[in-house]
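Here is what each chain is made of, one letter per residue.
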Amino acid sequence: MPGDLLRYLGGPAGFSWWWWIVAALCAAGIIGWYAGVFVWTLPPARLRRLPVLGSLHSRLLRRRFSRSITTIAGHHRAGGMPAAHAAAAISRTLRSFLYVATGARAQYMHIDDIAGHHALAPAAPVISALNDAQFSTEHTDIDRVASAAVEVIRTWT
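Every chain is numbered on its own, with residues counted from 1 as its sequence reads. Given that this is a predicted model, residues contribute local features only at a pLDDT of at least 70 and side-chain atom pairs are listed and counted only at 80 or more, while totals for whole chains, interfaces and linings are drawn from all residues. With hydrogens and water stripped out, all remaining heavy atoms of the structure feed into the side-chain values.

## Topic: the packing of helix H4 (residues 51-77) against helix H5 (residues 83-102)
For any two helices packed against each other, the geometry comes down to the angle between their axes and how far apart the axes lie. Axes, fitted as lines to C-alpha atoms, cover a helix only where it is in contact. Angles between the N-to-C directions of the axes lie from 0 to 180 degrees. The numbering of helices and of strands both runs from the N terminus, where a helix is a DSSP run of H or I of at least 4 residues and a strand a run of E of at least 2. Taken N-terminus to C-terminus, the directions of H4 and H5 make an angle of 175°; their axes are 9 Å apart at the nearest point. When the axes of H4 and H5 are compared, the pair comes out roughly antiparallel. Packed against H4, whose contacting residues are His-57, Leu-61, Arg-62, Phe-65, Ser-68, Ile-69, Ile-72 and His-76, the element H5 presents Ala-83, Ala-86, Ala-89, Ile-90, Thr-93, Ser-96, Phe-97 and Val-100 at the interface. Ten residues, namely Ala, Val, Leu, Ile, Met, Phe, Trp, Tyr, Cys and Pro, are considered nonpolar, four, namely Asp, Glu, Lys and Arg, are considered charged, and the remaining ones, Gly among them, are considered polar. In terms of residue class, the contact of H4 with H5 is built from 10 nonpolar, five polar and one charged. Roughly parallel here means an angle under 35 degrees, roughly antiparallel means over 145, roughly perpendicular means 65 to 115, and every remaining angle is called oblique. Contacts: residue pairs with any heavy atoms within 4.5 Å of one another.

Encoded structure:
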C-alpha cells in the first residue's frame, strides 16, 4: 500500500525557457552598469586616449561647455548679472574646458603662460578679451566675447 503512493511523486519541474532569458538580461544589465560606472569615473586624460570613447567624450565636452557659456550670456542679456560677473563666469568656464580637454591647468595660468603654452595658445585672445571685460571700466560686448568663447570650444581639436 505505501509503495503505491510513491508513483505519484516526482522531481521538481524544470525552469521555463523565458526564465533563462530574464536571467541573461539581468546579468547583462549588471555587467553594463558596472562598465558604465567604470567609464564614467575614468579620469579625462585616460578617457581622451580611448579610440571610440575619446571622440564621444570630446564631443560631449564641447556641447556641455558651449551650452554653459550660452546660458551665462543669456543670463547677462536678461539683466541677471553685470558684465564683469558674466565675463568672470565665461572665463572660468572656458578655463575649465581647457583643463578637461588638454590636461593643462589653465585655471591657474596667467595670460602670458596661456599664450606661451603650445596647446592653449589658440584660446589666449579670447581669455585676454574676457580679462579686459572683467576688469575694465569701459563697456564690453559680452555677447561678442561669449560667441568667441563658444567658437573656441566648438572648433577645439
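## A word on the confidence of the model for the protein chain
Looking at any residue, its pLDDT shows the predictor's confidence there, from 0 to 100. Confidence in the prediction of the protein chain, expressed as mean pLDDT, is 90, and 98% of residues score 70 or more. In the model of the protein chain, helix H1 (residues 2-5) stands out as the element of lowest mean pLDDT, 68, in contrast to helix H2 (residues 17-40), which has the highest, 95.

## Let's talk about H4
Given the number of residues in a helix, its expected span is that number minus one, multiplied by 1.5 Å. With 27 residues, H4 ought to run about 39 Å at 1.5 Å a step, and its terminal C-alpha atoms sit 40 Å apart, in line with that. When we look at burial in H4, the residues that qualify are Gly-54, His-57, Leu-61, Phe-65, Ser-66, Ile-69, Ile-72 and Ala-73. Phi turns positive, to about 90°, at Gly-79, one or two residues after H4. Buried, partly exposed and exposed residues are distinguished by accessible area as a fraction of the type maximum, computed with a 1.4 Å probe on protein chains only: under 20%, between the cut-offs, and over 50%, respectively.

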